[in-house]
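Results of the structural survey
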Amino acid sequence: MKLRLLMFFFFLPVLHAELPPSAYEAMQAKAPEYFKIEILRVDVAPGETPTEQNVQLVALITEVLRSASGAKPNEIINIVYSVIEHPRGWAGPGPVPIPREKERTVAYLRKLEVGDFEPAAGRMTFTHF
């Protein structure tokens, strides 16, 4: 009985596991697109399941810090992704946040074939270490 209790407390922190900062730093370093942006519009729509939201951001690139796609300052881009609300106790990386309109932030992105962009650094896509 004591062993079970000890194991419960030992594994309890694992239930809320998150990726280590070094994993996010590596994703940011590998992101093909790294911009400073201003969020112009935020659209959130229901996803395919009750716990999913589809997010579309319209953003103005204010500064290009790195771009494999050749993006330029003052371009308006679309950033698309889904956010899934996981049940309490779920272990894994946190969701990509949804910025607010008029917010100025960094963005670590990847260009999609259709011309839109998607987050390239998980929950740290709009945050710089």
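Up top is the structure these notes are about.
In short, a report on the structure. A quick note: this is a predicted structure, and the numbers were derived from the prediction, not measured. (Residues numbered from 1 in each chain as written. Predicted model: local features only at pLDDT ≥ 70, side-chain atom pairs only at ≥ 80, totals over all residues. Heavy atoms only, no water.)

1. Quick look at the pairing of strand E4 (residues 104–111)
- Strand direction decides the pairing type here: strand E1 (residues 33–46) and E4, joined by six bridges, are antiparallel. From the neighbouring strand, Phe35 faces E4, where its bridge partner is Ala107.
- Relative to strand E5 (residues 117–119), E4 runs antiparallel, the two being bridged by three bridges. Within the sheet, the bridge partner assigned to Lys111 lies in E5 and is Phe117.
- Linking E4 back to E5 in an antiparallel pair, the connection comprises five residues, with Gly115 at a positive phi of about 105 degrees. (Pairing = 2+ DSSP bridges. Helix = DSSP H or I, 4+ residues; strand = E, 2+ residues; numbered from the N terminus.)

2. A word on the environment of Leu112
- As for its placement among the helices and strands, Leu112 is situated in the loop between E4 and E5.
- For Leu112, a relative accessible area of 26% gives the class partly exposed.
- Residues Leu112 and Val80 lie 32 residues apart in sequence; the distance between their C-alpha atoms is 9.5 Å.
- Aside from chain neighbours lying at most four places away, what touches Leu112 is Val80, Phe117 and Glu118. (Buried < 20%, exposed > 50% of the residue type's maximum accessible area, 1.4 Å probe, protein only. Contact = heavy atoms within 4.5 Å.)

3. Here we look at the nonpolar core
- Counting 18 residues, the largest nonpolar core has Phe35, Ile37, Leu57, Ile77, Ile79, Tyr81 and Phe126 as its most contacted members.
- Of all the secondary-structure elements, those providing two or more residues to this core are E1, strand E2 (52–67), strand E3 (76–84) and E4.
- Beyond its immediate stretch of four places on either side in the chain, Ile79 contacts Ile37, Val55, Gln56, Leu57, Ala59, Leu109, Phe117, Pro119 and Phe126.
- Judged by nonpolar contacts, the second largest core, of six residues, contains Ala31, Val106, Tyr108 and Ala120. (Core = buried A, V, L, I, M, F, W, Y, C linked by side-chain atoms within 4.5 Å.)

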